[in-house]
Amino acid sequence: NAGVMQNPRHLVRRRGQEARLRCSPMKGHSHVYWYRQLPEEGLKFMVYLQKENIIDESGMPKERFSAEFPKEGPSILRIQQVVRGDSAAYFCASSSRLAGGQETQYFGPGTRLLVL
Amino acid sequence: QKEVEQDPGPLSVPEGAIVSLNCTYSNSAFQYFMWYRQYSRKGPELLMYTYSSGNKEDGRFTAQVDKSSKYISLFIRDSQPSDSATYLCASPLGGGTSYGKLTFGQGTILTVHP
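Residues numbered from 1 in each chain as written. Chains lettered and ligands numbered in written order. Predicted model: local features only at pLDDT ≥ 70, side-chain atom pairs only at ≥ 80, totals over all residues. Heavy atoms only, no water.

Could you clarify how one ought to interpret unusual backbone geometry in this entry?
Peptide bonds are, in most cases, trans, and in most cases residues other than glycine have a negative phi. The linkage connecting A:Asn7 with the following residue, A:Pro8, adopts the cis geometry, with an omega of -5°. The residue A:Glu52 is not glycine, and still its phi comes out positive at about 65°. Looking at where A:Glu52 falls in the secondary structure, it is placed in the loop between β5 (43-50) and β6 (53-56). Of note, B:Lys70 is a non-glycine position whose phi angle comes to about 55°, a positive value. Inspection of the secondary structure assignment puts B:Lys70 in the loop between β7 (61-66) and β8 (71-76). Judged by relative accessible area, which is 26%, B:Lys70 ranks as partly exposed. (Helix = DSSP H or I, 4+ residues; strand = E, 2+ residues; numbered from the N terminus. Buried < 20%, exposed > 50% of the residue type's maximum accessible area, 1.4 Å probe, protein only.)

As structure tokens, this is what we get:
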């Protein structure tokens, strides 16, 4: 059973370009979370999605950032007009809720974005 | 005040030592706690999952929660060089629920030298 897949693993963009980060959850998982890890900081929640729905985007910057999780295909985190401060590791986690509400989030290997 | 605080270290110990990693939290509604291990340039992987107060043991790892002092700990016995990683404590921001967005401590960098 393949784990959470993220691609690309490394992404270099110049200021003003767009960055698209993809996440394929584990088979059978319908919940996807995106986190960002800035240098010298811990993981910070960005957005929580289920298929075709954004459930919680309270951690996502209001401008330039968007996320989707379509019925078919991977979840996409999109950053428009990137700036140097967007340089970070972006992690996706997926889960399936068990009966009784228990949940384990499984993380992907991350996409390391570098903005020049 | 951060909801989950963790001493970033770094912590360096000799092989075979007992390691103690600690976090404090401020939200008394937190009931579920996780410890993740993150190797360099990799994603976090779940080590231990505990609910409420008490101890949970899994091999060389013991997770401990003290709700009265809002303190969570991870103990590693007989530490090995392969345990060298960053250890992250986390709790779901759903408070009394076990699911939802996680709030993480900053992570403690551990090095176990032969």
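Would you mind going over the layout of surface pockets with me for this structure?
With a probe scaled to a water molecule rolled over the atoms, the places where space remains empty come into view. Its volume calculated, the largest pocket comes out at about 680 Å³. Secondary-structure elements contributing two or more residues to the lining of the largest pocket are β2 (10-13), β9 (88-95) and β11 (111-115) of chain A together with β9 (85-92) of chain B. Here the residues of the lining of the largest pocket sort into 13 nonpolar, seven polar and five charged. (1 Å grid on protein atoms, 1.4 Å probe; cavity = no way out; pocket = protein on both sides within 12 Å on 5 of 7 lines; lining within 4 Å. Points joined across faces, edges and corners; volume = space filled by probe spheres on them. Nonpolar A, V, L, I, M, F, W, Y, C, P; charged D, E, K, R; others polar.)

It is not clear to me how the state of the cysteines should be interpreted in this structure. Could you clarify?
Among covalent bonds in proteins, the disulfide is the one between the sulfur atoms of two cysteines. All told, the structure shown has two disulfides over all chains when counted by the stated rule. Paired by a disulfide, A:Cys23 and A:Cys92 hold their sulfur atoms 1.7 Å apart. Negative torsions about the S-S bond denote left-handed disulfides, and the value of about -45° found for A:Cys23 with A:Cys92 makes this one left-handed. Of the two residues, A:Cys23 is situated in strand β3 (residues 19-24) and A:Cys92 in strand β9; the sequence distance between them amounts to 69 residues. A:Cys23 sits in the buried class, given a relative accessible area of 0%. The partner cysteine of B:Cys23 in its disulfide is B:Cys89, sulfur to sulfur 1.9 Å. Its S-S torsion of approximately -100° makes the covalent link between B:Cys23 and B:Cys89 left-handed. (Disulfide = S-S within 2.5 Å.)

By themselves, these figures tell us nothing about what the structure is for.
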